[in-house]
Amino acid sequence: MGLITLELFATLDLVAQSPGSPEEDPENFPFGGWQAPLLDEVSGAQVDAAYEGTDALLLGRRTYDIFAAYWPNQKGSFATLFNAIPKYVASRGTPDLRWDGSTQLGPNLVDAVREIRDRHDNIKVVGSLDLVQTLLRERLFDRLDLWVHPILLGVGKRVFADGTVPSNLTLLGPPAVDGKGTVYLRYGLDAGRPEVGSMDDVLGG
């Protein structure tokens, strides 16, 4: 069974809407493109490393349309990877699937994603916040790569929204910080639900 990894860029208040450009997801959001001033060589290398071995992309409709319009016309390692591997689109509409290797998932999204996990070794979900909420709700992911950037926006779609259910996560490596203060965290989904207790038990009161 393969691994499904959520690849997400977020602010300190966990806004993840439209990091790449103002046109990406402008609905009720004045800060599109907030990530660009915060990128540096360290975080760029982290992203490159995170995608090593990827053999499929799982995307929501909005992210797919952006990628399909951009990556076929680009060169470089990311373009080579994204253009070569299968792309799976979660959409209730009729997306344009002319990007080579693209397939629209059927109406039963959960079953379709499970089938993809059985078919591939290393599936990446990029952006696609509505899809992410479904995967969080169904606990249908294995890892979460999260870059937390040192800004607060106060508005926008957040990483953990309506799909979040109580879950345990395990930090898979030490946090890494780039030169501009962005923290890279890699978590794995763990079994069970969060436990509760009293601070008296911890402090011996």
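Given the structure is predicted, the values throughout are model-derived calculations rather than measurements.

Visitor: Quick one: what's the story with the UniProt feature "domain: Bacterial bifunctional deaminase-reductase C-terminal" (unreviewed entry) in the chain, residue by residue and with numbers?
Guide: Here the UniProt-annotated "domain: Bacterial bifunctional deaminase-reductase C-terminal" (unreviewed entry) positions come out as residues 4-172. Between the end C-alpha atoms of residues 4-172 the distance is 15 Å, and the span holds 28% helix and 21% strand.

Visitor: Please set out the pairing of strand S5 (residues 122-126) residue by residue, giving values where relevant.
Guide: Among the 5 residues of S5, 5 are classified as buried, and the element is accordingly described as predominantly covered. Residues Asn122, Lys124 and Val126 of S5 are buried on one face, and the alternating residues Ile123 and Val125, pointing to the opposite face, are buried as well. Relative to S5, strand S2 (residues 56-60) runs parallel, the two sharing 3 bridges. In the sheet register, alanine 56 faces S5, and the bridge partner there is isoleucine 123.

Visitor: Account for the pairing of strand S9 (residues 183-190), with residues named and values stated.
Guide: Bridging between strand S6 (residues 143-149) and S9 involves 6 bridges; their strand directions are antiparallel. Looking across to S9, one finds that arginine 143 is bridged to glycine 188. Pairing of strand S7 (residues 168-171) with S9, which is carried by 4 bridges, proceeds in the antiparallel orientation. By the bridge assignment for S9, asparagine 168 is matched with aspartate 190. In the sheet, strand S8 (residues 176-177) pairs with S9 via 2 bridges, with the strands oriented antiparallel. Bridging from a neighbouring strand, alanine 176 pairs with tyrosine 184 of S9.

The rules behind the values
Starting from 1, residues in each chain are numbered consecutively following that chain's sequence as written. Under the rules for a predicted model, residues below a pLDDT of 70 receive no local features and side-chain atom pairs below 80 are neither given nor counted, while totals for whole chains, interfaces and linings still include all residues. Computation of side-chain values covers all heavy atoms of the structure but excludes hydrogens and water. UniProt positions are given in the numbering used here, feature names are shortened, and annotations may be inferred rather than shown by experiment. Helix and strand labels come from DSSP, where a helix needs a run of H or I of at least four residues and a strand needs a run of E of at least two; each type is numbered from the N terminus. Partly exposed residues are those whose accessible area sits between 20% and 50% of the maximum for their type, while under 20% is buried and over 50% is exposed, using a 1.4 Å probe and protein chains only. In short, DSSP must find at least two bridges between two strands for them to pair.

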